[in-house]
Amino acid sequence: MKKPKIRELKEAVKGIFSRPYTTKFPYQPHTPPPRYRGKPEYYEEGCVGCGACFQVCSANAIDMIDNTEKGNPIRTLIQHPSKCIFCRECERNCITGEGIKLTQRFDIAYVDEEDVLSSVKHKLITCLYCGTVIGTEKHLRWVLKRIGNLGFAQPVLLSQLMEELQVKTEYEEKGVPPIQRTDMLKVVCPKCRRIAFISDEKKEK
Amino acid sequence: MKNNKKTVIVPIGPYHPLLEEPEFFALYCDGEKIVDVEWQAGYNHRGIEKLSESKHWDQVTFLVERICGICSTSHPFAYCNTIENLIGMTIPERAKYIRSIIGELERIHSHLLWMGLAGHFLGYNTVFMWAWKYREPVLDLFEIISGNRNHYAMFKIGGVRRNIENEDIPKIRKMLAEIKGQLEMLIGAVLDDPVLTARLKNVGVLTKQDIKNFGSVGPVARASGVDVDVRRDEPYAAYPLVEWSVITAKNGDVLDKAVVRLSECLEAVKIITQCLDAIEGKAGEIGEEVRRVPEGEGIGRHEAPRGECFHYIRSDGANSPVRHKIRAPSYTNVPTFKASCIGQTISDVAIILAGVDPCYCCTERVAVYDAGKKKKLYDFQHLVELSKQKTERIRKEI
């Protein structure tokens, strides 16, 4: 009977003289450990807007909105920390590895959601005829850089390359139906390119 | 039972003041004694199995992690075992050790949480405060290793997502030694305490036969002398590679459950130390890339802190499971109150119900609603009554 009492008394005395177990958080900053998984954030320089993060997100915390209204088609990627489960899959699957990263930030309670949202905007390339989204400009140029000379084989990539080299071409002109075989080298989606190829064949016959 | 005028029904729940989870217990009492107990569940049904069919293989790991907040790694553990069983693959050695470390750390924190709650239920808040204070370094350790105090997101099909860096191991070892000292102190203080012993001894006894009747698993079964442990019976991860023993007790009362759980904490520390020894200073792969899950069926088991956690998956070779069946340990453990509560006093019921360490949100896989005007939950008795009523109706018509 005696021994347990002494042991517990020791612990109790230790408890009296040691400082409180809680931290003084709001008054003193808290530094999470280096591996802490905090709020994910987009980085404008690294992100190419491919949408891989949107596809792998298991909590649907990332929205990808393609605004293809005439004039200036734009893709917006928005990360909602309130839905996020901090699994780090977006960072792991990012094709550039620098587009979205988890930060050390943990205080994501908000009054206005705009304060915590992280978003990035990219210019979209759309089909000249049907308006289908082909990809973001930055993504296509990133692909072009990776595949090098092979890019010459793909009309969309070729047009990007020419734009980058500031070679003024007629391809930039807006296409008007009917689609002709020469339109194959314009910025068109695979479906329209197929139509261009087939319809012209018929004409020749 | 209901016809007996002497019995009084004492309702507990659906929002249980003690267990912080919605479930409903009806205690049929004759004076102070419990004559019968009824249980209604289904308040917490979230449709996880159905959701799982709409997620990719990799995403399901995060989904099943959220079945339970306390044993949040046991479901991914069982799920990954299932997929690896389906594919027929083995994982790299380092991943095996890391998996075991995470599983055992979780066991320590879950059992300490239970001990604290048990103390709280008995009105012994010092135990509650101490147990939860010593649980805190375990959670800190999780934050260092995985980046989060809970929901560690460490598991993936074919290995683990994050490595335990060799530089971190001395720090982990130091923290673990501290935790071990504190655990020994707490275990001594709890088990030698005359008040706790008097309060828990011979309360809510489950005999060996009861355990076999209900098919209970985990510490509940081991406290009654039934020697079952998936880690030993069907080895997986690093458990066959390290030395450890299965803790059992004889009486099957709540005190024995506490003894088994607390001794398991020390056993877990032993396993973690050996795993750290095995991976320290070595380099190695932590996971294999799994590109495709073939057609077929698989089962996986894991000894969660509460008992055996079981997953079944059928795949048709596509991106997501066709069928995902989950059986959490509480599914077999909770119904034992039929054997343990009857004959006890009302004041003991709280600790007996808590003694099996129930996790209702883990268990709930189905909820039945009346589509008509009266919306209510059905249990087995209701269904039997409905069936009888229909027979009566048909009999009259004929």
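From a predicted model like this one, the values you see are computed outputs, not experimental measurements.

Visitor: Provide a residue-level description of the overall build of chain A, including the pertinent values.
Guide: For chain A, the count of helices and strands is 6 helices and 6 strands. When the helices and strands of chain A are read in sequence order from the N terminus, they spell out α-β-α-β-β-α-β-β-β-α-α-α. For chain A, buried positions account for 22% of its 205 residues. Nonlocal contacts in chain A, meaning residues at least 24 apart in sequence, comprise 62% of its contacts between residues at least 6 apart.

Visitor: Explain the environment of Phe86 of chain A to me, using residue names and the numbers behind them.
Guide: Structurally, Phe86 of chain A is set in the loop between β3 (74-79) and α3 (89-93). A residue is classified by how many C-beta atoms lie within 10 Å of it, and Phe86 of chain A, with 22 of them, is buried. Linking Phe86 of chain A and Arg35 of chain A, residues 51 residues apart in sequence, is a C-alpha distance of 12 Å. Beyond its immediate stretch of four places on either side in the chain, Phe86 of chain A contacts Arg37 and Leu102 of chain A together with Asn148 of chain B.

Visitor: A description of the domain arrangement of chain A should follow, citing residues and the corresponding values.
Guide: All names here are of chain A. Its domain assignment divides chain A into domain 1 (33-126) and domain 2 (132-205). A total of 5 residues in the side of domain 1 that touches domain 2 trace back to one element, the largest contributor, which is strand β5 (residues 118-126). Partitioned by chemical class, the residues of the side of domain 1 that touches domain 2 number 4 nonpolar, 5 polar and 3 charged.

Visitor: Break down the interface of chain A and chain B for me, with residues and values.
Guide: Counting from both sides, the interface comprises 14 residues of chain A and, opposite them, 16 residues of chain B. When the residues that make up the side of chain A that touches chain B are grouped by side-chain class, the tally is 7 nonpolar, 1 polar and 6 charged.

Visitor: Describe in detail helix α4 (residues 93-121) of chain B, supporting the description with residues and values.
Guide: Residues and elements named next belong to chain B. Its 29 residues give α4 an end-to-end C-alpha distance of 42 Å, which sits within 8% of 42 Å, the value for a rise of 1.5 Å per residue. The buried fraction of α4 is high, at 25 of 29 residues. A positive phi of about 75 degrees marks Gly123, the residue just after α4.

Visitor: Please provide a residue-by-residue account of the nonpolar core, values included.
Guide: Among the nonpolar cores identified, the biggest contains 120 residues, and Met115 and Ala258 of chain B are the most heavily contacted of them. Counting residues per element, this core draws most heavily on helix α11 (residues 254-279) of chain B, at 13 residues. Filtering out sequence-adjacent residues up to four positions away, Ala258 of chain B remains in contact with Met115, Ala118, Val190 and Leu200 of chain B. If you look at the next biggest cluster of nonpolar residues, it comprises 11 residues, including Leu128, Tyr129, Val188 and Ala196 of chain A.

Visitor: Help me get a handle on the pairing of strand β8 (residues 323-327) of chain B, residues and values and all.
Guide: Residues and elements named next belong to chain B. Across the two faces of β8 the burial differs, with His324 and Ile326 buried and Arg323, Lys325 and Arg327 not buried at all. Sheet analysis places strand β7 (residues 307-316) next to β8, joined by 5 bridges and oriented antiparallel. The residue bridging Phe310 from the neighbouring strand is Arg327, located in β8. Following β7, the chain reverses through 6 residues before pairing antiparallel with β8; Gly317 in that reversal takes a positive phi of roughly 85 degrees.

Visitor: I'd love a proper account of the domain arrangement of chain B, names of residues and values included.
Guide: Think of interface size as the accessible area that goes away when the parts come together; that is how it is often given. All names here are of chain B. Along its sequence, chain B is carved into domain 1 (8-43 + 361-397) and domain 2 (48-345). Going through the elements one at a time, β3 (33-40) and α15 (360-363) are the ones with two or more residues in the side of domain 1 that touches domain 2. Looking at the side of domain 1 that touches domain 2 residue by residue, the class counts come to 7 nonpolar, 1 polar and 4 charged.

Each value, and the rule that gives it
- Residues numbered from 1 in each chain as written.
- Chains lettered and ligands numbered in written order.
- Predicted model: local features only at pLDDT ≥ 70, side-chain atom pairs only at ≥ 80, totals over all residues.
- Helix = DSSP H or I, 4+ residues; strand = E, 2+ residues; numbered from the N terminus.
- Buried ≥ 20, exposed ≤ 12 C-beta atoms within 10 Å, placed from the backbone.
- Contact = placed C-beta atoms within 7 Å.
- Domains from an automatic or database assignment.
- Nonpolar A, V, L, I, M, F, W, Y, C, P; charged D, E, K, R; others polar.
- Expected span 1.5 Å × (residues − 1).
- Core = buried A, V, L, I, M, F, W, Y, C linked by C-beta atoms within 7 Å.
- Pairing = 2+ DSSP bridges.

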